[in-house]
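Listed here are the chains, written in short residue letters.
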Amino acid sequence: RRNAIDKLVWHAGDNWNPRARAAVRRDIDAWRPDIVVTSTIENFGGEPWRAARDAGIPVVHILRSYYLLCWQGAMFRQGANCSTPCVECRVATAGRRHATRHLSGVIGITRFILDAHSDAGLFPAQTEAGATIILPDPVMSVGVRRTAGHGRRFGYLGMLTPNKGVELMFRAWGTGAPSAASLIVAGTGQDDYVAGLKASSPEGVRFAGWVSSEAFLDTIDFLIVPSVWNEPFGRIVVEAFARGVPVIGARTGGIPELIADGETGFLFSRNDAGSLQAVMARASALDDGDYNQMSARCVDAAARYLPARLAGEYIDYFESTLARHRKSRSAGATPI
């Protein structure tokens, strides 16, 4: 925990930091790259973009969070999603939002996260040339297939925090769990919050704590992703697919872009326990043949995220960005 002055100094340095810019510029001068690509820029702010601009080298940013719009990077406050940045966030992100004018291109890991930034007025010069390229998952290993003769096993795997929707899942489960089904919750969080979850959990729900994701996914039939915030991507969805586990996900953020409703899982209305309850009942009612087909489609879907497949899409975008940069320089214009 920091006092107010320390926080103010930190946020100022996260927006304008000549020392960080100089450090990045030294590396650019030493390496002489054709293009600079940034991804997670927390603690650097927009200084890599300014450094690349000063060196005359094009720079592309990959959007993975709301860090350019929200000082917490989540656009989620007091249990609700923020439709627009608040005054506090606009002030706390002013420097890095200003620095986006130096970008030559921008990639969103989902269409949702790209649109959220363009709708907020960012990337006016780059949005037309923006792209949506999903994140790769280096792990691709099919899990143990399920057997008949048991009730459906549902599971949650992830951080135990208020924005993840675990309470919503408990409300849905407590008012009408599928017959003979079970629910296990895996993950960790702040001790007091986890203690509250355990105290309010419906009867029969089991907490597993910290687990190996692959080992956990091999013990369940459906993964539930009940997020109540606009999650930009939802990597756990891809991890589940790679183990052949269908996913029940909330229609929020980028999650609906990952799940084909009725094909690789099911989607339910965000923050709607009744909708989640109905979807869990639908999932539990699948016979073994239909479930196995859905599981096989998940494995096929996971192949979409292999690095070798996505690398080409990234390289193509970088090449097109370089071409635009060279064209603008040859025309005598100031490259964006």
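Residues numbered from 1 in each chain as written. Predicted model: local features only at pLDDT ≥ 70, side-chain atom pairs only at ≥ 80, totals over all residues. Heavy atoms only, no water.

## A look at the overall build of the protein chain
Then comes step 1: Assigned secondary structure in the protein chain consists of 13 helices and 12 strands.
Then comes step 2: For 336 residues, the compact-globule estimate of 2.2 N^0.38 gives 20 Å, and the protein chain sits close to it at 22 Å.
Then comes step 3: Its C-alpha atoms put the protein chain at 70 × 45 × 30 Å along the principal axes.
Then comes step 4: Residue burial in the protein chain is summarised as follows: out of 336 residues, 47% are buried.
Then comes step 5: Here the analysis covers contacts within the protein chain between residues at least 6 apart in sequence; of these, 70% occur between residues at least 24 apart.
Then comes step 6: Within the structure as shown, the protein chain displays about 15,900 Å² of accessible surface, and the carbon and sulfur contribution to it stands at 53%. (Helix = DSSP H or I, 4+ residues; strand = E, 2+ residues; numbered from the N terminus. Rg over C-alpha atoms; globule rule 2.2 N^0.38 Å. Buried < 20%, exposed > 50% of the residue type's maximum accessible area, 1.4 Å probe, protein only. Contact = heavy atoms within 4.5 Å. Areas by Shrake-Rupley, 256 points an atom, 1.4 Å probe, with all protein chains shown as cover.)

## A closer look at the pattern of salt bridges
Then comes step 1: Tallied over the full model, the rule gives 18 salt bridges.
Then comes step 2: Ionic pairing is found between Arg-21 and Glu-47, a salt bridge with its closest N-O pair at 3.0 Å. Pair noted here: Arg-21 is in helix 2 (residues 18-31) and Glu-47 is in helix 3 (residues 47-55), with a separation of 26 residues, a long-range link.
Then comes step 3: The partly exposed category is assigned to Arg-21, whose relative accessible area is 24%.
Then comes step 4: Look at Glu-47 and you get buried, because its relative accessible area is 0%.
Then comes step 5: The partner of Glu-214 in a salt bridge is Arg-243, with the nearest N and O atoms 3.7 Å apart. (Salt bridge = Lys/Arg side-chain N within 4 Å of Asp/Glu carboxyl O.)

## Some points on the sheet that holds strand 2 (residues 59-63)
Then comes step 1: In space, the 4 strands of this open sheet follow the order 1-2-5-6, with parallel pairing throughout. Edge positions in the sheet fall to strand 1 (36-38) and strand 6 (131-132), since each has one partner strand and no second.
Then comes step 2: Across 3 bridges, the pairing between strand 1 and strand 2 is parallel. Across the sheet, Val-37 pairs through a bridge with Val-60, a residue of strand 2.
Then comes step 3: Against the sheet, helix 13 (residues 307-330) engages strand 1, strand 2, strand 5 (105-108) and strand 6, with an angle of about 160 degrees to strand 5. (Pairing = 2+ DSSP bridges. Axes fitted to C-alpha atoms, helices over the stretch in contact; angles between N-to-C directions.)

## Quick word on helix 13
Then comes step 1: Under the 1.5 Å per step criterion, the end-to-end length of helix 13 is 34 Å for 24 residues, consistent within 8% with the ideal 34 Å.
Then comes step 2: Considering only its buried residues, helix 13 is in contact with strand 1, strand 2, strand 5 and strand 6. (Expected span 1.5 Å × (residues − 1).)

## A word on the packing of helix 2 against helix 3
Then comes step 1: Viewed as axis vectors pointing N to C, helix 2 and helix 3 meet at an angle of 50 degrees, and their least axial separation amounts to 8 Å. Considering the angle they form, helix 2 stands oblique to helix 3. Like other packed secondary-structure pairs, helix 2 and helix 3 cross with a definite hand, here right-handed. From helix 2, Pro-18, Ala-20, Arg-21, Val-24, Arg-25 and Ile-28 reach across to helix 3, where they touch Glu-47, Pro-48, Arg-50, Ala-51, Ala-52, Arg-53, Asp-54 and Ala-55.
Then comes step 2: Tallied by class, residues from the contact of helix 2 with helix 3 come to 8 nonpolar, no polar and 6 charged. (Parallel < 35°, antiparallel > 145°, perpendicular 65-115°, else oblique. Left-handed = near helix turned anticlockwise from the far one by under 90°. Nonpolar A, V, L, I, M, F, W, Y, C, P; charged D, E, K, R; others polar.)

## Observations regarding the environment of Val-185
Then comes step 1: Residue position: Val-185 is located in strand 8 (residues 182-186).
Then comes step 2: Residues Val-185 and Gly-158 lie 27 residues apart in sequence; the distance between their C-alpha atoms is 8.5 Å.
Then comes step 3: Once you skip the residues sitting within four places of it in the chain, Val-185 turns out to touch Tyr-156, Leu-160, Met-169, Phe-170, Val-205, Arg-206, Phe-207, Ala-208 and Gly-209.

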